[in-house]
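Geometric and topological summary
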Amino acid sequence: MSILQLTGVSAGYGPMRVLHDLDLTIEPGERVGLVGLNGHGKTTLLSTIVGLTGWQDGSIVFEGKEIGGRRTHGVGRKTPAIVRSGIALAPQGDAIFPGLSVKDNLDSGAYTSSSWRSRKRRRDSVISVFPPLGKLLKQTAGTLSGGERRMVSVGRALMSDSTLYLVDEPSLGLAPKISMGLVAALCDIDIGEGAMIIAEQNLPLLEGRVDRMLGMHAGEIKLDVGEALGDVPPAAGGMH
Amino acid sequence: MIELIISAAVLASMYGLVAIGISFTWASIGMLNLAQGFIFTAGGYAAYLYAQTLTNMGITDGPVMSIGLLVSGMVGSAIAGLFVGSIAFLPLQDRANFRTRGLIATLAISLIGTQLWLIFFGPQSKPLPPIFGTGRIEIGSGGVSYSQLGAIVIATLMLTAVIMWMRSSRAGLQMRAMMMNPLGAAVVGVSVRVTGMRVLAISGALTGLASVMLAQTFFVSPTSGVQPLTVGLIISLAGGLGSIPGTVIAAAIVGLAEALTARYLAQSLVPFVLFGIVVLILVFRPRGLGGLLEDVRE
């Protein structure tokens, strides 16, 4: 059974339609790169999966359970239930809690009672992925630098007991060296039988690190490359 | 002098309880709850009904009466808070312009509520039996009555308990998270609807406590919630909406200002002074006093 199956999904905000009849299947153990230019629907696709767009239509099946369907209002009303069923999102713009300490920010990601009980162990494993956070646990999140905030946001998603991790633009607004380290850390995480979708417009960052690349264009998935793009002959990259 | 300080502290702790509720509600669900006065009165009448029942059974004082009054006031106001939430929050929460609609809906509940109290309980003020006894402790030239002392102690204990609980428990973490970033709260699985109702119940309970203790001196009447609502709004604005330390400091300032004005100028000048203070604070610190205490980027 695939982890996530989208069939005929459309979504948007008000009169604007961003996703057009989109189909997508994610298998267990897959790390998928979602690439494409700004404004072509990457963020909307991830938001649709957790029910955060203005409206949406079409079937989204997560681990055999329908979490999509037609919805015309109620932004985010289903989100908590979807998140608790095992989908973690590190949203664009981080959405961290500025007045809370880094530790509380991370702990807030451990929402289900099983992950709340094991939050200390989970925190340690997040710190092993992002070592700089270890020294910052007591600091207020609102005083962190951009890179540190991103680590907190992604780390918070990792704190949950999820099977599907959605990471939106991990490199956005960060210095190249920092974003490289962050993406490398993300790609080294052992996801086991789960899956991870990383939306990213900086394609070289993901090259050779993900199992599959999906190219988004104008709200549709135009390109599905089974292997990392590094192995694609240069001709496909538009050398002619 | 001592009497002045005591009466300032009593006012500060009572208004503080109401203001913290308004402040929490605004910060976590974005609803300026103008029905807080209605919720306040509901606690008073709940305690009044409880006292009536006990008196009919022949119990007029003692711990059953005292503790029961406090508890019934808190429960009554908490239920009123949930009632306001189920009318003004749950149906409107994810519609466009919720802030404006919520404001109008709570204003409507407040106005209708006052008339309902008038219909059911009549215009007369209802006294409550004394909670803390009628004694008095003499200190130097002045003194403090048991009910003043009790009000200060209970309010402080209750506020401390709520703050500790917010800091240490998981539900408290969820509320603080929702106050800071609703989107972030949603993506970690916090339900705005469930947490919002919880906030309304807790705000209500704090308000109910203030209601019962203020009723010791001012009695319960259909409009007895108006003054606490106004002053609660002033304090929560001056304190910076959502900031607990800011609200506590603002409550102390407002309590002192009210006591000083009433003593040296005139009771009728109190609203002028209070609104003057809030305007001054907001001119110089638009985020309220809480903005002075927190230094974080959004």
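Residues numbered from 1 in each chain as written. Chains lettered and ligands numbered in written order. Predicted model: local features only at pLDDT ≥ 70, side-chain atom pairs only at ≥ 80, totals over all residues.

**Examining the overall build of chain A**
Under the convention used in this document: Under the DSSP-based scheme used, a helix requires at least four consecutive residues in state H or I and a strand at least two consecutive residues in state E, with every element numbered from the N terminus. Using C-alpha atoms as the atom set, the radius of gyration is obtained and then compared with a globule rule of 2.2 Å times the number of residues to the power 0.38. Remark: C-beta atoms are placed from the backbone, and a residue is labelled buried if 20 or more other C-beta atoms sit within 10 Å of its own, exposed if 12 or fewer do, or partly exposed between those counts. Throughout, a pair of residues is in contact if the C-beta atoms placed from their backbones lie within 7 Å.
Within chain A, the regular secondary structure consists of nine helices and ten strands. The globule rule puts the C-alpha radius of gyration for 240 residues at 18 Å, and the 17 Å found for chain A is close to it. With the C-alpha coordinates of chain A rotated into their principal frame, the extents come out at 50 × 45 × 35 Å. Buried residues in chain A amount to 44% of all 240 residues. Across chain A, contacts joining residues at least 24 apart in sequence account for 68% of those joining residues at least 6 apart.

**Side note on the overall build of chain B**
Counting its secondary structure elements, chain B contains twelve helices and two strands. Moving toward the C terminus, one meets the helices and strands of chain B in the order α-α-α-α-β-β-α-α-α-α-α-α-α-α. Here chain B has a C-alpha radius of gyration of 19 Å; the compact-globule value for 298 residues is 19 Å, and the two agree. Overall, chain B is about 55 × 45 × 35 Å in size when its C-alpha atoms are taken along their principal axes. By the burial criterion, 50% of the 298 residues in chain B qualify as buried. Sequence separation of 24 or more characterises 76% of the internal contacts of chain B that already satisfy a separation of 6 or more.

**Regarding the interface of chain A and chain B**
Put simply, the rule is: Each residue gets one label: Ala, Val, Leu, Ile, Met, Phe, Trp, Tyr, Cys and Pro are nonpolar, Asp, Glu, Lys and Arg are charged, and the others, such as Gly, are polar.
Listed as interface residues are 28 residues of chain A and, on the opposing side, 19 residues of chain B. Mapped by element, the contributors of at least two residues to the side of chain A that touches chain B are α2 (79-84) and α3 (102-109) of chain A. In the side of chain A that touches chain B, the residues fall into 13 nonpolar, ten polar and five charged.

**Quick notes on the nonpolar core**
The condition is simple: By convention in this section, buried Ala, Val, Leu, Ile, Met, Phe, Trp, Tyr and Cys residues joined through C-beta atoms within 7 Å make up a nonpolar core.
Ranked by internal contacts, the top residues of the largest apolar core, which has 154 residues, are Ile87, Leu166 and Val167 of chain A together with Met14 and Tyr15 of chain B. In terms of residue count, helix α1 (residues 2-29) of chain B provides more of this core than any other element does, 17 residues in total. Aside from chain neighbours lying at most four places away, what touches Ile87 of chain A is Ile49, Val50, Phe62, Ile82, Ser162, Leu164 and Leu166 of chain A.

**A word on the confidence of the model for chain B**
Residue and element names in this part refer to chain B. Our working definition: Each residue gets a pLDDT score, which is the predictor's confidence in that residue and runs from 0 to 100.
Across chain B, pLDDT averages 88, with 97% of residues at or above 70. At the low end of the mean pLDDT range in chain B sits helix α12 (residues 290-293), at 68; at the high end sits helix α4 (residues 98-121), at 93. With a pTM of 0.84, the predicted complex shows an ipTM of 0.81.

**Let's talk about the sheet that holds strand β8 (residues 195-200) of chain A**
Residue and element names in this part refer to chain A. As a reminder of what qualifies: DSSP bridges decide pairing: two strands pair if at least two such bridges lie between them. Between N-to-C directions, angles cover 0 to 180 degrees, with each direction set by a line fitted to C-alpha atoms, over the stretch in contact for helices.
Reading across the sheet, the six strands line up as β6-β7-β8-β3-β9-β10 and stay open at both edges, with mixed pairing between neighbours. On the outer flanks of this sheet lie β6 (87-90) and β10 (220-225), each paired with one strand and no other. Here the average twist between neighbouring strands, direction ignored, is 20 degrees. Seen against the sheet, helix α7 (residues 146-158) touches β6 and β7 (164-168) and runs at an angle of roughly 180 degrees to β6.

**Concerning the packing of helix α5 (residues 146-168) of chain B against helix α8 (residues 192-218) of chain B**
Residue and element names in this part refer to chain B. So the rule is basically this: Here the word oblique covers every angle except those under 35 degrees (roughly parallel), over 145 (roughly antiparallel) and from 65 to 115 (roughly perpendicular).
Between α5 and α8, the shortest axis-to-axis distance is 10 Å and the interhelical angle comes to 175 degrees. Relative to α8, α5 is oriented roughly antiparallel. In this structure, α5 contributes Ser147, Ala151, Ile154, Met158 and Val162 to the contact, and α8 contributes Ile202, Leu206, Leu209, Met213 and Gln216. Each residue belonging to the contact of α5 with α8 can be placed in one class, and the counts come to eight nonpolar, two polar and no charged.

**As for α3 of chain A**
Extensive coverage of α3 of chain A is indicated by the burial of six of its eight residues. Three or more residues of α3 of chain A are buried, namely Val102, Asn105, Leu106, Asp107, Ser108 and Gly109 of chain A. The inward-facing, buried residues of α3 of chain A abut α5 (119-129), α6 (133-136) and α7 of chain A together with α6 (170-180) of chain B.

**Let's talk about the confidence of the model for chain A**
For chain A, mean pLDDT is 86; residues scoring 70 or higher make up 94% of the total. Of the regions scoring below 50 in pLDDT, residues 228-240 of chain A engages in 13 contacts with residues more than four places distant in sequence or in other chains.

**Describing the environment of Leu24 of chain A**
Residues and elements named next belong to chain A. With respect to the element layout, Leu24 can be found in strand β2 (residues 16-26). Residues Leu24 and Val9 lie 15 residues apart in sequence; the distance between their C-alpha atoms is 9.0 Å. For Leu24, the contacting residues outside a window of four places in its chain are Leu6 and Ile221.

**Here's the deal with the pairing of strand β3 (residues 31-35) of chain A**
Each regular strand displays side chains that alternate between the two surfaces of the sheet. Residue and element names in this part refer to chain A. Most of β3 sits inside the fold, with five of its five residues counted as buried. The side-chain alternation of β3 yields two buried faces, one formed by Arg31, Gly33 and Val35 and the other by Val32 and Leu34. Relative to strand β9 (residues 212-217), β3 is paired through four bridges, and the arrangement is parallel. By the bridge assignment, Gly33 is partnered in β9 with Met213.

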